[in-house]
Amino acid sequence: MKENEDILILAVESSCDETAAAVVKNGREALSNVIYSQIDIHTMYGGVVPEIASRKHIEKIDPVVSEALRKAGVSKEDLAAVAVTAGPGLVGSLLVGVAYAKAYAYAAGLPILGVHHIEGHIAANYIENRELEPPFLCLVVSGGHTELVVVEDYGRFRLIGTTHDDAAGEAFDKVARAIGLGYPGGPKVDKCAKAGGRKDAIAFPRGHVDGNDFDFSFSGLKSAVLNYLNSCAMKQGGPVKDLREKREGDVNFNPDALIDPETGVTVSDVAASFQEAVVDVLVTHTIEAAKSLGIGKVAMAGGVAANGALRERMKNDCEREGIKLYYPSPLLCTDNAAMIGCAAYYDYLAGKRHGLDLNAVPGLGLGQKI
Amino acid sequence: MIILAVESSGNVASAAIAERSKILAEYTVNIGKTHSQTLLPMIDRVLSDAEMSVNDLDAIAVSRGPGSFTGLRIGSATAKGLAASAGIPIIDVPTLEALAVGVGNAGGRLICPIIDARRNEVYSALFEENDRFGSVSGVQGSTHGPLTRIGQERALGMEQLLAELTAMDREVIFVGDALRVHAEKIKAAGNGKFILAPLSACDLRAGCVATVGLNMLESGKAIDGSDHTPVYLRLSSAERERLEQGKELG
């Protein structure tokens, strides 16, 4: 028996391009939260390269885990369990964390718990909002996910809306690339839009899916942006790609140089109008779902939940409707291990344990159990 | 000195507990399951059969590559996790040398391990016995002197390798999983001087990793787990393309 009653969980996360480890106390307090981000490397390639990500994980996993234990001031004897993201994510990346965490737990005589990455994102809300408890509605938005989830209880989720094509973050990445902002799209579009972009400059379509009011579709919006850019470029004498290549030759390509000569619309207007279309759909669906289900608490999770425009609009609309809104600080919106330790705590209390044969499950759907 | 040896660089997953003069327990599977599912349960099995725990080990030897990128990482991550938790070092054993050791007494011939590297290439290196009298004989109590590697570990085309070896005009024993693909080519090129190891020696087992690992441990070559990374011998395809475009890797 442990002398104190605190339950400390060492958590490991390596599902994409962040190598992360944390020690979480009683499911709500992150004693440490160490993240090694590989973003600089992947930015050179315009997106995450799976093989490079896997190689970086194996280099960084030891120092990241030992740093997490050191910062938390605990040793393995103080731990109750080891938790690790088992999916969804990139298989090669996941496998590094899963193999490491299982071996660490085994040698320490500790139980191992495989955690659902998206359940982790949702649980990130518990760390900074100690009073938050299920049931609540959560909008999960990231590079790989756009989902509306009813969190019925700890470890019990009901999916009520999902995307039929691109994830919201994916749409940000694709549009950012098209307007010359590069990777990662979310923060770059947000920044560009803030730099004087008019969100009502262009009326981009709001995606709607017949038959389910809470589902999402972003591919039509993405096409509309690309078509718009091409029509502007044609007026200036060629497709967007050619114009960009021409400009890359003389000076560093300035995306703002791409202006519709007739309307005077600039790239910052495109960024702002596109972002507004995404935010509008995300917020409207969330509010409508909360109202129709009679849920008074809404949370946000995932990398796109750090987007400034989304936060502001969701805050305004929730206040107007008398809905209590929760969202994690930007650091806890991105991939991290504290959220994994937090989600694992409730599984741990429920008696869930995994075997030494725990495997990575790259295509794990929300609500699916490991 | 007691070590755990781990091999997951190819299709085979294998774990062994070994000390200087013998292998105490060894478990090998080649059943198409992922190493992620099989490796740690096998480690648990060899430890419990040897009536030991991780805390009884002096070090962990891991087959460090070249080989399957994902397979190597599962072995490495497993070894790193065990080593960090138990506070013991890692011995990163060259996979090609462990394969060469499995040949047994080479009788003065060169040993050429070949691992299928896909894309029409093999991972390979050349080894020579330090001492012809029992250096790799496997006789209990004999000093298993390590093999000496001649030249570098490389990924290269089989035709190029065979041309280089033909020019050396020595007798060569080939071993490794790529024999299944290239046996006929080797026989044809060898003019009687190229010999194929039995298939039983061509899939690497952890016992051979342990043999090399114990040599390395005794000569002070164990390292901190955080300093260990797999040896791939190849860049990722994204990095290769970047270099081909004349850009830097950063």
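Residues numbered from 1 in each chain as written. Chains lettered and ligands numbered in written order. Predicted model: local features only at pLDDT ≥ 70, side-chain atom pairs only at ≥ 80, totals over all residues.

## Digging into the interface of chain B and chain A
By a widespread convention, an interface's size corresponds to the accessible area lost as its parts come together.
1) Next: Contact with chain B, which involves 28 residues of that partner, is made by 32 residues of chain A.
2) Next: When contributions to the side of chain B that touches chain A are tallied by element, the ones reaching two or more residues are helix H1 (35-49), helix H2 (69-86) and helix H7 (237-244) of chain B.
3) Next: Counting residues per element, the side of chain B that touches chain A draws most heavily on H2(B), which supplies 13 residues.
4) Next: Among the residues forming the side of chain B that touches chain A, the class breakdown is eleven nonpolar, 13 polar and four charged. (Contact = placed C-beta atoms within 7 Å. Helix = DSSP H or I, 4+ residues; strand = E, 2+ residues; numbered from the N terminus. Nonpolar A, V, L, I, M, F, W, Y, C, P; charged D, E, K, R; others polar.)

## Focus: the packing of helix H2 (residues 50-72) of chain A against helix H3 (residues 91-108) of chain A
Residue and element names in this part refer to chain A.
1) Next: Where H2 contacts H3, the two axes come as close as 8 Å, and the packing angle between them is 20 degrees. By the angle between their directions, the pair H2 and H3 is classed as roughly parallel. Between H2 and H3 lies a crossing whose hand is right-handed. When H2 is examined against H3, the residues Pro50, Glu51, Ala53, Ser54, His57, Ile58 and Ile61 are found in contact with a partner set consisting of Gly92, Ser93, Val96, Gly97 and Tyr100.
2) Next: A class-by-class count of the residues in the contact of H2 with H3 yields six nonpolar, five polar and one charged. (Axes fitted to C-alpha atoms, helices over the stretch in contact; angles between N-to-C directions. Parallel < 35°, antiparallel > 145°, perpendicular 65-115°, else oblique. Left-handed = near helix turned anticlockwise from the far one by under 90°.)

## Thoughts on the sheet that holds strand E8 (residues 148-157) of chain B
All names here are of chain B.
1) Next: Spatially, the five strands line up as an open sheet ordered E8-E7-E6-E9-E10, and their pairing is mixed. Here the strands that pair on one side only, and so sit at the sheet edges, are E8 and strand E10 (194-196). Here the strands of the sheet are splayed against their neighbours by 25 degrees on average, with no regard to which way each runs.
2) Next: Inspection of the sheet shows strand E9 (residues 172-175) paired to E10 by three bridges, in the parallel sense. Residue pairing across strands places Phe174 opposite Leu196, the latter belonging to E10.
3) Next: Strands strand E6 (110-116), strand E7 (121-128), E8 and E9 of the sheet are contacted by helix H4 (residues 158-168), whose axis makes an angle of about 145 degrees with E8.
4) Next: On the sheet, helix H5 (residues 179-190) packs against E6, E9 and E10 and is oriented at approximately 150 degrees with respect to E10. (Pairing = 2+ DSSP bridges.)

## Here we look at the domain arrangement of chain A
Residue and element names in this part refer to chain A.
1) Next: The domain architecture assigned to chain A consists of domain 1 (8-132 + 332-349) and domain 2 (136-328).
2) Next: The C-alpha centroid of domain 2 is placed 28 Å from the C-alpha centroid of domain 1.
3) Next: Residue-level contacts link 20 residues of domain 1 with 22 residues of domain 2.
4) Next: Counting residues per element, the ones that place at least two in the side of domain 1 that touches domain 2 are helix H1 (39-45), helix H4 (117-128), helix H11 (330-333) and helix H12 (338-349). (Domains from an automatic or database assignment.)

## A closer look at the nonpolar core
1) Next: Ala11(A), Ala21(A), Ala22(A), Cys138(A), Ile3(B), Ile60(B) and Val175(B) are the most contacted members of the largest nonpolar core, which has 198 residues in total.
2) Next: With 14 residues, the top contributor of residues to this core is H3(A).
3) Next: The residues contacting Val175(B), other than those within four sequence positions of it, are Leu99(B), Ala100(B), Gly102(B), Val103(B), Ile111(B), Pro113(B), Ala197(B), Ala201(B) and Cys202(B). (Core = buried A, V, L, I, M, F, W, Y, C linked by C-beta atoms within 7 Å. Buried ≥ 20, exposed ≤ 12 C-beta atoms within 10 Å, placed from the backbone.)

## Looking at unusual backbone geometry
1) Next: Geometrically, the link from Gly87(A) to Pro88(A) is a cis peptide bond, its omega value of -5 degrees lying close to zero.
2) Next: Residue placement: Pro88(A) occurs in the loop between strand E4 (81-87) and H3.
3) Next: One non-glycine residue, Arg118(B), lies in the positive phi region at around 55 degrees.
4) Next: By the secondary structure assignment, Arg118(B) is in the loop between E6 and E7.
5) Next: In this structure Arg118(B) comes out as exposed when scored by C-beta crowding, with 9 C-beta atoms within 10 Å.
6) Next: Even without being glycine, Asn191(B) reaches a positive phi, approximately 55 degrees.
7) Next: Inspection of the secondary structure assignment puts Asn191(B) in the loop between H5 and E10.
8) Next: Under the C-beta neighbour-count criterion, Asn191(B) is labelled exposed, with 9 such atoms within 10 Å.

## Quick word on the domain arrangement of chain B
Residues and elements named next belong to chain B.
1) Next: By domain assignment, chain B separates into domain 1 (2-94 + 204-233) and domain 2 (96-201).
2) Next: With 15 residues of domain 1 at the interface, the matching set in domain 2 holds 16 residues.
3) Next: At five residues, the largest contribution of residues to the side of domain 1 that touches domain 2 is made by helix H6 (residues 206-218).
4) Next: Residues of the side of domain 1 that touches domain 2, tallied by class, amount to eight nonpolar, six polar and one charged.

## Points about H2(B)
Residue and element names in this part refer to chain B.
1) Next: Between its terminal C-alpha atoms H2 stretches 26 Å, which fits the 26 Å expected from 18 residues at 1.5 Å a residue.
2) Next: Along H2, 16 of the 18 residues are buried, which leaves the element largely enclosed by surrounding structure.
3) Next: Note on H2: the residue one or two positions beyond its end, Gly87, has a positive phi of about 70 degrees. (Expected span 1.5 Å × (residues − 1).)

## With respect to H12(A)
Residue and element names in this part refer to chain A.
1) Next: Taking 1.5 Å per residue, twelve residues should reach 16 Å; H12 reaches 17 Å between its end C-alpha atoms and fits that length.
2) Next: The buried fraction of H12 is high, at nine of twelve residues.
3) Next: Ala338, Met339, Ile340, Gly341, Cys342, Ala343, Ala344, Tyr345 and Asp347 are the residues of H12 that are buried.
4) Next: Positive backbone phi, approximately 85 degrees, marks Gly351, located one or two places after H12.

## Quick notes on the environment of Gly151(B)
Residue and element names in this part refer to chain B.
1) Next: Along the polypeptide, Gly151 turns up in strand E8.
2) Next: Given 10 C-beta atoms within a 10 Å radius, Gly151 is considered exposed.
3) Next: Sequence separation between Gly151 and Ala125 is 26 residues, and the spatial gap between their C-alpha atoms is 7.0 Å.
4) Next: In this structure Gly151 touches Ala125 and Leu126, once residues within four positions along its chain are discounted.

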